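An overview of the molecular structure
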Amino acid sequence: MIPPLLPQLLVVAAATFAWLFPYHGWSKETHDLMQTLNDKDTDHTHITAVQLKEAVAKLPNVVQKWINAVLNHDLSEYDGSKEIPFARCLRISQKGKFLLNGKFIDFTADQEFSTRSQHAGFVWDANMIMMDCIGLKLPIHVRDAYVCGMGMLKAQMPFGLPIMRMDDSPELNEGELLRWCAEAVMFPLALVWMTKSGEENSTLKWHASDVDENAATLEFNHNGTNVRLNFNFDSQTHLVTSMHCMRPRMVGTLTERARWEGYCYDYERRGGMIVPTRMECGWKLDNQKEVELYFKGKNESFIYLMS
């Protein structure tokens, strides 16, 4: 005799397997991307104070003040031979809200960065909860990444049902590289130190503003993708308050350029540096007076890996 609950249990077991199996594949893809990100960088993990001072001295004055502020120390006071740790990788956990279909929904995420500009990259792996039309909560997996010079954006629902997928287009690569530049405020030495030998690298340049002494523009060319991101600094603390640029944006199936703005808040000491623990960003369209935020994130755990 078949136990009366066995058919129901088999259905539940099959549904659970169908739910979890795609997630296992998702997790493996994420792990493989993060591994690729890490395998690209085998350089040393320390620089001397004199090397850093020489690199910083070539930057616009406002950027020099920023680096001194994030290190919470005047570089001129460092002994020249003193080694300064330089992380190879940053891992953070994050929670916040993301704008989807006109409503903010909660998300949690893990993110890994390559923290050296010659190997610029990141993988953001997020879980979101969306309410459907009858009030059911549906989990969504979202992965945003820039690995080996290629942008990737993928989202899927339970059972592996695809929502969207974008890979390696010039517009996507540009947008993802701009994201890396903006989030580099959490590992700012990446925007100063360039090469193992200490040689100046022409792929990353800072330009002082002609109209605002508390602003500067970062120009970065990585793997053939060139981006420009404008930074604004607090006149008292010298820390980054906001960033903006003209960034590619999807509108239906088309891409247009729009003004993107990002904001940094709640600075704390992490990994020996003063970095933001809360960040927001959004779009300011031509017909809007205010920025429409689509991302509000709280950066929680910070793990800087030296090797």
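First, a word on what this report is: a plain description of the structure on this page.

What counts and what doesn't
- Residues numbered from 1 in each chain as written.
- Predicted model: local features only at pLDDT ≥ 70, side-chain atom pairs only at ≥ 80, totals over all residues.
- Heavy atoms only, no water.
- Salt bridge = Lys/Arg side-chain N within 4 Å of Asp/Glu carboxyl O.
- Buried < 20%, exposed > 50% of the residue type's maximum accessible area, 1.4 Å probe, protein only.
- Helix = DSSP H or I, 4+ residues; strand = E, 2+ residues; numbered from the N terminus.
- Expected span 1.5 Å × (residues − 1).
- 1 Å grid on protein atoms, 1.4 Å probe; cavity = no way out; pocket = protein on both sides within 12 Å on 5 of 7 lines; lining within 4 Å.
- Points joined across faces, edges and corners; volume = space filled by probe spheres on them.
- Nonpolar A, V, L, I, M, F, W, Y, C, P; charged D, E, K, R; others polar.
- Pairing = 2+ DSSP bridges.

Turning our eyes to something else, we now look at the pattern of salt bridges. Within the structure shown, the criterion is met by 16 salt bridges. For the salt bridge of Glu219 with Arg228, the shortest nitrogen-to-oxygen distance reads 3.3 Å. Looking at Glu219, the relative accessible area reads 23%, which means it is partly exposed. For Arg228, a relative accessible area of 44% translates into the label partly exposed.

With 14 residues, helix 4 (residues 170–183) extends 20 Å from end C-alpha to end C-alpha; this agrees with the ideal 20 Å at 1.5 Å per step. Of all 14 residues in helix 4, 12 are buried; the element is thus mostly enclosed. Among the residues of helix 4, those classed as buried are Leu172, Asn173, Glu174, Gly175, Glu176, Leu177, Leu178, Arg179, Trp180, Cys181, Ala182 and Glu183.

What follows is about the layout of surface pockets. Remark: the empty space left among the atoms is shown by a probe the size of a water molecule rolled over them. Roughly 1,400 Å³ of internal volume is contained in the largest pocket. Forming the boundary of the largest pocket are 43 residues, of which Phe98, Leu153, Met164, Trp283 and Tyr294 lie nearest the centre. In terms of residue count, the dominant contributor to the lining of the largest pocket is helix 4 (7 residues). Here the lining of the largest pocket is built from residues that sort into 27 nonpolar, 7 polar and 9 charged.

Here we come to the pairing of strand 9 (residues 204–208). Pairing between strand 9 and strand 10 (residues 215–222): 5 bridges, direction antiparallel. For Ala208, the partnering residue across the bridge sits in strand 10 and is Ala216. In this structure, the hairpin formed by strand 9 and strand 10 is closed by a connection of 6 residues.

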